[in-house]
Amino acid sequence: MTSIDLNADLGEGFGRWRLTDDEELLSVVTSANVACGFHAGDAATMRRVCEQAAERGVRIGAQVSYRDLAGFGRRAMDVPPAELAAEVAYQIGALEVFARAAGTRVSYVKPHGALYNRVVHDEEQAGAVVDGVLLADASLPVLGLPGSRLLELAGKSGLPTVAEAFADRAYTAEGTLVPRGEEGSVVTDPEAVVDRSVGLARDGAVTSRSGARIEVRARSLCLHGDTPGAVELARRVRARLTESGVRVEAFA
């Protein structure tokens, strides 16, 4: 039977402000990408999400990013490699404290936002992320875009790699994500998102913005938690996957 992991970005609040419905999404997804305080999140939020994830058996991933709270980690930044490596390790370590306190551990690492897109092509920044993961825990899988420099360098360094796909993001004909600043970068039709999820899980393929069919072989499917109606959409995706004979289970 075909299987797929469902991951979502969670813990993306700060203080009294909350962006995602963490508790409800944790009843649907199998892996939680938890913000580690650099683009969103704070100590109390990280602790709460780790506790809730542990209660539900959801795997915890460190969602590392550039230090950019004001820009939600989506602004391009130039960070020296040694500094970026240290900051990646710092974020993983911070989340690990709360994961262990909840009786579990950080199970993987995923970059966020501008950093995620940068390490698709930028070898220096990708290498810095890999160095940061190695510094924190050389056994941690790295989650990223298929064909990215990040996954290539992580694999060469001995880190487990996991490819992921996005049902609610538009793809270019080259298999990369359409930048968020461009029109049509986000797929907003719920039925289209559900259909794309099944296609990615069962066929390993998706239709690009130009109409071309492209292969996207992925073990994990990302469901964004900051979009309107995210919880209900996530439930529909999981239900349709199950109906289509796809087993939903964590990769880690």
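Residues numbered from 1 in each chain as written. Predicted model: local features only at pLDDT ≥ 70, side-chain atom pairs only at ≥ 80, totals over all residues. Heavy atoms only, no water.

With that out of the way, let us pick up the overall build of the protein. Along the backbone of the protein there are eight helices and ten strands. Relative to the globule expectation of 18 Å for 252 residues, the C-alpha radius of gyration of the protein, 17 Å, shows essentially globular dimensions. Considered along the principal axes of its C-alpha atoms, the protein spans approximately 40 × 40 × 35 Å. Within the protein, the fraction of its 252 residues that count as buried is 56%. Counting contacts in the protein only where the partners sit at least 6 residues apart, residues at least 24 apart contribute 72% of the total. (Helix = DSSP H or I, 4+ residues; strand = E, 2+ residues; numbered from the N terminus. Rg over C-alpha atoms; globule rule 2.2 N^0.38 Å. Buried < 20%, exposed > 50% of the residue type's maximum accessible area, 1.4 Å probe, protein only. Contact = heavy atoms within 4.5 Å.)

Our next topic: the packing of helix H7 (residues 190-203) against helix H8 (residues 230-243). Contact geometry for H7 and H8: axes closest at 9 Å, N-to-C directions at 40°. What the angle tells us is that H7 and H8 run oblique. Remark: the crossing between H7 and H8 carries right-handed chirality. Contacts from Pro190, Glu191, Val193, Val194, Asp195, Ser197, Val198 and Ala201 of H7 reach H8 at Leu233, Arg236, Val237, Arg240 and Leu241. Broken down by class, the residue content of the contact of H7 with H8 amounts to eight nonpolar, one polar and four charged. (Axes fitted to C-alpha atoms, helices over the stretch in contact; angles between N-to-C directions. Parallel < 35°, antiparallel > 145°, perpendicular 65-115°, else oblique. Left-handed = near helix turned anticlockwise from the far one by under 90°. Nonpolar A, V, L, I, M, F, W, Y, C, P; charged D, E, K, R; others polar.)

Once that is clear, we can look at H7. Helix length check: H7 (14 residues) gives 20 Å between terminal C-alpha atoms against 20 Å at 1.5 Å per residue, within 8%. Of the residues making up H7, those classed as buried are Val193, Val194, Arg196, Ser197, Val198, Gly199, Leu200 and Ala201. (Expected span 1.5 Å × (residues − 1).)

What follows is about the environment of Leu6. Relative to the helices and strands, Leu6 is located in strand S1 (residues 3-10). Residue classification places Leu6 among the buried residues on the basis of a relative accessible area of 0%. The residues touching Leu6, leaving out its near neighbours within four places in the chain, are Val28, Val29, Thr30, Ser31, Leu221, Leu223, Val237, Arg238, Leu241 and Val248.

When their charged atoms lie close together, side chains carrying opposite charge are able to pair. Across all of its chains, the model carries 24 salt bridges by this definition. Close ionic contact of Glu24 with Arg235 constitutes a salt bridge, the shortest N to O distance being 2.5 Å. Highlighted residues: Glu24 in helix H1 (residues 22-25) and Arg235 in helix H8, separated in sequence by 211 residues. We note a salt bridge from Asp68 to Arg75, for which the minimum N-O separation is 2.5 Å. In this structure Asp68 comes out as buried when scored by relative accessible area, which is 3%. One network of salt bridges, with partners in common, ties together Glu123, Arg149, Glu152 and Lys156. (Salt bridge = Lys/Arg side-chain N within 4 Å of Asp/Glu carboxyl O.)

Quick look at the pairing of strand S2 (residues 31-35) now. Of all the five residues making up S2, five are buried; the element is thus mostly covered by neighbouring parts of the structure. By the alternation rule, side chains of S2 split into Ser31, Asn33 and Ala35 and Ala32 and Val34, which are all buried. As defined by bridge partners, S1 adjoins S2 across four bridges and the pair is classed as parallel. Counted as the bridge partner of Asp9 is Asn33 from S2. Bridge analysis of S2 against strand S3 (residues 59-64) gives five bridges, and the strand direction is parallel. Counted as the bridge partner of Ala35 is Gln63 from S3. This β-α-β element, S2 to helix H2 (residues 43-56) to S3, shows right-handed connectivity. (Pairing = 2+ DSSP bridges. Right-handed = clockwise from strand over helix to strand, strands pointing away.)

Moving on to the side chain of Asn7. Its place among the elements puts Asn7 in strand S1. At 3.5 Å, the side chain of Asn7 forms a polar contact with the side chain of Lys110. Look past the residues within four positions of Asn7 in its chain and what remains in contact with it is Val29, Ser31, Asn33, Tyr108, Lys110, Leu143, Glu164, Ser220, Leu221, Cys222 and Leu223. (Polar contact = N/O pair within 3.5 Å; in protein donor to acceptor, adjacent residues only side chain to side chain.)

Here Phe72, not a glycine, exhibits a phi torsion of approximately 60°, which is positive. On the secondary structure map, Phe72 appears in the loop between S3 and helix H3 (81-101).

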